[in-house]
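Structure assessment
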Amino acid sequence: MFKKSLIAVMAASALALTACGGGTQAAPSGGADKKIVMGFAQVGAESGWRTANTKSVQESAKEAGIDLKFSDAQQKQENQIKAIRSYIQQKVDVIAFSPVVESGWDTVLKEAKDAKIPVILTDRAVDSADKSLYKTFLGSDFVLEGKKAGEWLVAESKSATDTVNIVEIQGTTGSAPANDRKQGFEEAIKADPKLKIIASQSGDFTRSGGKQVMEAFLKNNADIDVVFAHNDDEGLGAIEAIEAAGKVPGKDIKIITIDAVKDGMTALSAGKINYIVECSPLLGTQLMDLAKKVLAGETVPERVVTEETTFTQEQATKALPTRQY
Ligand code: GYE
């Protein structure tokens, strides 16, 4: 079924090529088929996770024989909207993007739909009520990630007799992972009334942001027991601030993060971070598969959830040598 419809698409593309008068030129892949063109609007280059995700998308496109047009929005929604509009103008076959924030996408998604260009969401979600504006959403369950972080802390704090003071370094304000990780973590720590979030602020998913926020937290709060950072980079920035304040990260102040990129895992293995919830950036292969299926007219699931694990110090030490990102 899939093959048949793909052949139909290929035949139609070959016809279109001939009709345009360019029929004598061989297609770049050597076959008669026109390459699928994907426009990909990336969030930015804010973290180790993002760098690994970009690499995964670019390498997978190459492997899948998909022509990738790539743009980096530098964490700005207006740049992503511009990029999507330019992909629509260029009449790409499919648009994939990782929305920096959840809201404000309906207009541009409607423009893509009107131009009959399918959209695939990857990594982060949008809050659009109209689900017909995109074909599928591939990415992690961020609420679950926050929950796993909170559950670890509940178990870890069982023997504590005093209040456990937590500071939270949130991800980018309004982004799906920041909203959902916060929600999941809060839900989980409700199980123990000793656990209290005493301050919460955004570090924009960057190392420098995490450092700045942690410096302010340390200035304003004498008694911080735990940092919950929404990603490794923010946690790594917090480590710098804690050390500069003469305290020992991982001991005086416990640190929980999300992602499990190499730098985070190295800090966990060294005991500076205490626990990491994995969030996989390796979405490229699945994204290219989904794009091919959508363009072949196959039905795809509305939601594709990434499988993920968690790491303690010992587990990080074991996993590090073969860690891909
Ligand atoms: O956790 C963070 C990145 O959207 C899941 O974005 C992604 C998050 C990831 O900047 O490191």
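Reading the values: the criteria
Residue numbers run consecutively from 1 along every chain, following the written order of its sequence. Where totals are concerned, whole chains, interfaces and linings use all residues; where local detail is concerned, this predicted model gives features only for residues with pLDDT of at least 70, and gives and counts side-chain atom pairs only at 80 or more. By convention in this description, side-chain values take in all heavy atoms of the structure and omit both hydrogens and water. By nonpolar core we mean a set of buried residues, namely Ala, Val, Leu, Ile, Met, Phe, Trp, Tyr and Cys, connected to one another through side-chain atoms within 4.5 Å. Exposed residues in this analysis have more than 50% of their type's maximum accessible area, buried residues have under 20%, and partly exposed residues fall in between, with area computed by a 1.4 Å probe over protein chains only. Domain segmentation is taken from an automatic or database assignment of domains. What makes two residues a contact is simply this: any of their non-hydrogen atoms within 4.5 Å. Strand pairing is assigned whenever DSSP detects at least two bridges linking the two strands. Helix numbering and strand numbering both begin at the N terminus, where a helix is a DSSP run of H or I of at least 4 residues and a strand a DSSP run of E of at least 2. In this description, a line fitted to the C-alpha atoms serves as the axis of each element, helices being fitted only across the stretch in contact, and the angle between N-to-C directions of two axes falls anywhere from 0 to 180 degrees. Centres within 6.5 Å are what make two rings of Phe, Tyr or Trp a pair, Trp counting through its six-membered ring; a difference in plane orientation under 30 degrees is then read as stacked, over 60 as edge-to-face, and the rest as tilted.

1. Section: the nonpolar core
Judged by nonpolar contacts, the single largest core of 65 residues is most densely connected at Ile95, Phe97, Trp105, Ile166 and Leu287. If you count residues domain by domain, this core takes at least three from each of domain 1 (37-140 + 281-307) and domain 2 (142-279). Once you skip the residues sitting within four places of it in the chain, Phe97 turns out to touch Ala41, Gln80, Ile84, Trp105, Leu109, Val119, Ile120, Leu121, Thr122 and Val126. Met214, Leu236, Phe311 and Ala316 belong to the second-largest nonpolar core, a separate cluster that totals 27 residues.

2. Let's talk about the sheet that holds strand 1 (residues 37-42)
In sheet architecture, strand pairing relies on hydrogen bonds along the backbone and comes in two forms, parallel and antiparallel. Reading across the sheet, the six strands line up as 2-1-3-4-5-11 and stay open at both edges, with parallel pairing between neighbours. The open sheet is flanked by strand 2 (67-72) and strand 11 (303-305), the only strands paired with a single partner. In this sheet, adjacent strand axes meet at a mean angle of 20° when their direction is disregarded. The sheet contact formed by strand 4 (residues 119-122) and strand 5 (residues 136-139) spans three bridges and is parallel.

3. Overview of the packing of aromatic side chains
A complete count under the given rule lists four aromatic pairs for this structure. When the centroid spacing of 4.9 Å and the interplanar angle of 10° are considered together, the rings of Trp152 and Tyr275 count as stacked. Of this pair, Trp152 sits in helix 5 (residues 142-156) while Tyr275 sits in strand 10 (residues 275-278); the two residues are 123 residues apart in sequence, bridging distant segments of the chain. The same class applies to Trp152 as to Tyr275, namely buried.

4. Comments concerning the pairing of strand 5
The alternating pattern of strand 5 places Thr136 and Leu138 and Phe137 and Gly139 on opposite faces, both of which are buried. For strand 5 and strand 11, the ladder comprises three bridges, and the chain directions are parallel. Along strand 11, the bridge assignment pairs Leu138 with Val304.

5. Section: the side chain of Ser140
Tracing the chain through its elements places Ser140 in the loop between strand 5 and helix 5. Residues in contact with Ser140, not counting those within four places in the same chain, are Asp123, Glu145, Cys279, Ser280, Arg303, Thr306 and Glu308.

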